[in-house]
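Listed below are the residues making up each chain.
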Protein chains: 2
Amino acid sequence: MEVNKFTISEWLKKLQSQICNALENADELSKFISEEWERDEGGGGKTNIISNGNVIEKGGVLYSAVYGKTPDFLKTEKQHTIIGAETSDTEFYATGISIVIHPKSPMVPIIHMNVRYFEMSNGTKWLGGGIDLTPHYINTKDASFFHTELKKVCDKHNLNYYQKFKNWADDYFFIKHRSETRGIGGIFFDRLTSDETMTFSQNLNFWKDIGSAFAPIYVELIQRNKQKHYTEAQKQWQLLRRGRYVEFNLIYDKGTKFGLETNGRVESILMSLPSNASWQYNFQPKAASEEFHTLSLLKKGINWL
Amino acid sequence: MEVNKFTISEWLKKLQSQICNALENADELSKFISEEWERDEGGGGKTNIISNGNVIEKGGVLYSAVYGKTPDFLKTEKQHTIIGAETSDTEFYATGISIVIHPKSPMVPIIHMNVRYFEMSNGTKWLGGGIDLTPHYINTKDASFFHTELKKVCDKHNLNYYQKFKNWADDYFFIKHRSETRGIGGIFFDRLTSDETMTFSQNLNFWKDIGSAFAPIYVELIQRNKQKHYTEAQKQWQLLRRGRYVEFNLIYDKGTKFGLETNGRVESILMSLPSNASWQYNFQPKAASEEFHTLSLLKKGINWL
């Protein structure tokens, strides 16, 4: 089959629907509510939101494909380095899926996934993406499972990718002002195109496999943890960790920033925020507590395999 | 008495203690917990935090006076325009008070106040400040009282100040991506020094009067509203409005940004965040509801007097 922006978008649309089915099956209660929207300047998207489930408290699986004349804001030097717009009179096409799932139980981790494709009429095109896991309580077995699964997908395509993209995730999902990683990382990559070792088509296959790996990995993590008992104090800790998630997304996340600065659809962009979050002045977990243990592992450079 | 950075800091310290006393009296239950901190490069502060009160759920009254060699980050062009550092080899001194109070009841408004003084060894010096009110439910009588009191303070010193600084607050306390003001505004000003109409000393008196007006104004608003009954649904609306407060502070607030980017004391900077906040996908209040009414008034340019 020919590979072009339209077939890529079609593939993403199918992926969105597969992922939503898998999450609904795992949740066993709530269903996604779907909202289609159009962008005045070209394109649009489909925002699928689930809430108040057995497992999922709030989550979104968002598809979009937007295009048109490259807007002025992409012409500044700063934006060039973000999207690679070398000329100012081209057209762009951007399509992708973004997912954030906030589970009800503090024993089930928050997950985020994004796969995106970008091209310009001057021939520039690239792939980006990432998956990262934010456990409220770090379970080293689950962390190892998560990273091992991602490594398997990477290794199938390029033996350098896992370590390279794992380091990139450590650097990207970092809450600088707290000196904390957002969670246990995962992989992050951007501007994948082609080079001496990988053709664009090979990178596209890698990228598709990452997208397809999301549902089985997260459903397994749900099954492992959804029945676990938790206390009111553990729920409170979850709210504090969600507060950190809000800090990361509103202060550092490039997609959020880019979306808000460019008049994106606010409700779709901010679906990544939890249904509730908490802040407590100078909260310090007790020494040797589970919370203390988790905090001690929110560092870059840990080998989770 | 001679006016210099030390006497200004001394005045601010006394103001902090007066405001905390007034708030404790109004709360009738909780007391401030005080933490002094030092800055490695020079100076420090006193962070007073109150929580779980009768009236106040979470609030901070923060004093700081920091000084030293002008750090590198103040030497970039962008920062020049923020702090007015025209030369790179000077020393700076910055002192101020910042307050954010999140009340328990959705019937009592959130309030914020900041007064700050900045000088450099090259002779540059200026005053800045602001007070703004964020009611969860806008009560036009209270809004009128709030703005009238601020106008009285302004008018005592300069008949142009209220309108000028009210417009500035409308522009500053604006959540761009929502096209909503944070609340009903108030006044905001920056870089007050001296000009053909006002000496520095006259502006200093104005600035002090703003600082001194905070406690009587907010205590009055507490007394008017603290006994009002509220429902669970109104509490839920309060959490959504707090979510907007978080969005403003983490995305737009210059003080927060500046503090986090310059390795400020994180727990002091983020004391402005509420103890909890909520986000709901695409929440729309019912037509003609109290919530709808409040949203319709979160606009720039309203005359509240």
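Shown above is the structure to which this text applies.
Below is a short write-up of the structure. For every chain, the first residue of the written sequence is number 1, and numbering continues from 1 along that sequence. Chains carry letters from A onward and ligands carry numbers from 1 onward, assigned in written order. In view of the model being predicted, local features appear only for residues whose pLDDT reaches at least 70, and side-chain atom pairs are presented and counted only at 80 or more, with totals across whole chains, interfaces and linings using the full set of residues. Calculation of side-chain values draws on the structure's entire complement of heavy atoms; hydrogens and water are dropped beforehand.

## Concerning the relation of the copies chain A and chain B
1) Next: What sets the superposition is a least-squares fit of C-alpha atoms, and only residues with pLDDT of at least 70 in both copies go into it. Once chain A has been moved 0.0 Å along the axis and rotated by 180°, it coincides with chain B to within an RMSD of 0.0 Å. When the rotation and shift are considered jointly, the pair of chain copies conforms to a two-fold rotation axis.
2) Next: Contact criterion: two residues are considered in contact whenever any of their non-hydrogen atoms come within 4.5 Å of each other. A symmetric contact is evident, with 100% of the interface residues of chain A recurring at the interface of chain B.

## As for the sheet that holds strand β3 (residues 56-69) of chain A
To summarise the sheet geometry, strands pair through backbone hydrogen bonds and adopt either a parallel or an antiparallel arrangement.
All names here are of chain A.
1) Next: DSSP calls a pair of strands paired once it identifies at least 2 bridges connecting them. In this text, helices come from DSSP runs of H or I with a minimum length of four residues, and strands from runs of E with a minimum of two, each type numbered from the N-terminal end. On the basis of which strands lie adjacent, the open sheet formed by 7 strands has the order β1-β2-β3-β4-β5-β6-β9 and antiparallel pairing. A strand with exactly one partner marks an edge of an open sheet, and here the two such strands are β1 (33-38) and β9 (186-192). In this sheet, adjacent strand axes meet at a mean angle of 5° when their direction is disregarded.
2) Next: Looking at chain direction, strand β2 (residues 43-51) and β3 are connected through 9 bridges and run antiparallel. Across the sheet, the residue bridging to K46 is Y63, located in β3.
3) Next: The convention used is that axes are lines fitted to C-alpha atoms, helices contributing only their stretch in contact, and that angles between N-to-C directions extend from 0 to 180 degrees. This element, helix α6 (residues 232-251), spans β3, β4 (91-103), β5 (110-120) and β6 (125-134) of the sheet and lies at about 165° to β4.

## Focus on the interface of chain A and chain B
1) Next: Of the residues lining the interface, 26 residues belong to chain A; the matching set on chain B comes to 26 residues.
2) Next: Together chain A and chain B conceal approximately 2,500 Å² of surface at their shared face, both sides included; 58% is due to carbon and sulfur atoms.
3) Next: Put simply, buried area is how much 1.4 Å-probe accessible surface two parts lose in total, over both of them, once they are put together. By the criterion of area lost to chain B, the three top residues of chain A are E267, W279 and Y281 of chain A, representing 31% of everything that side buries.
4) Next: A pairing counts as a salt bridge when a side-chain nitrogen of Lys or Arg comes within 4 Å of a carboxyl oxygen of Asp or Glu. Inspection of the chain A/chain B interface yields 2 salt bridges.
5) Next: When the shortest N-O distance is used, the salt bridge between R178 of chain A and E267 of chain B registers 2.9 Å.
6) Next: Residues adjacent in sequence count toward polar contacts only when both atoms are side-chain atoms; beyond that, a polar contact is any pair of N or O atoms within 3.5 Å, and within protein one must be able to donate a hydrogen and the other to accept it. Scanning the region where chain A abuts chain B turns up 15 residue pairs in polar contact (both at pLDDT 80 or more).
7) Next: Where strand β10 (residues 276-278) of chain A lies against strand β10 (residues 276-278) of chain B, 3 bridges are found, and the strand directions are antiparallel. Counterpart to S278 of chain A in the pairing with β10 of chain B is N276 of chain B.

## A short note on helix α7 (residues 254-261) of chain A
Residue and element names in this part refer to chain A.
1) Next: Burial classes: relative accessible area under 20% of the type maximum marks a residue as buried, over 50% as exposed, and values in between as partly exposed (1.4 Å probe, protein chains only). Every buried residue belonging to α7 is among T256, G259 and L260, and all of these are buried. Buried residues of α7, seen end-on, are gathered within an arc of 95° and therefore sit on one face of the element.
2) Next: The residue sitting at the N-terminus of α7 and contributing the capping side-chain oxygen is D253; that oxygen lies 3.4 Å from the backbone nitrogen of G255.
3) Next: Looking at the residues trailing α7, positive phi occurs at N263, about 55°. To obtain the arc, one takes the directions from the helix axis to the C-beta atoms.

## Details of the packing of helix α3 (residues 140-157) of chain A against helix α4 (residues 161-172) of chain A
All names here are of chain A.
1) Next: Two numbers describe how α3 lies on α4: the axes approach to 8 Å, and their chain directions differ by 130°. One element, α3, and the other, α4, form an angle in the oblique class. Residue-level contacts link H147, L150, K151, C154 and D155 of α3 to Y161, Y162 and K166 of α4.
2) Next: In the contact of α3 with α4, the residues fall into 4 nonpolar, 1 polar and 3 charged. Relative orientations are named as follows: roughly parallel for angles under 35 degrees, roughly antiparallel for angles over 145 degrees, roughly perpendicular for angles from 65 to 115 degrees, and oblique for any other angle. Residue type decides the class: Asp, Glu, Lys and Arg count as charged, Ala, Val, Leu, Ile, Met, Phe, Trp, Tyr, Cys and Pro as nonpolar, and the leftover types, Gly among them, as polar.

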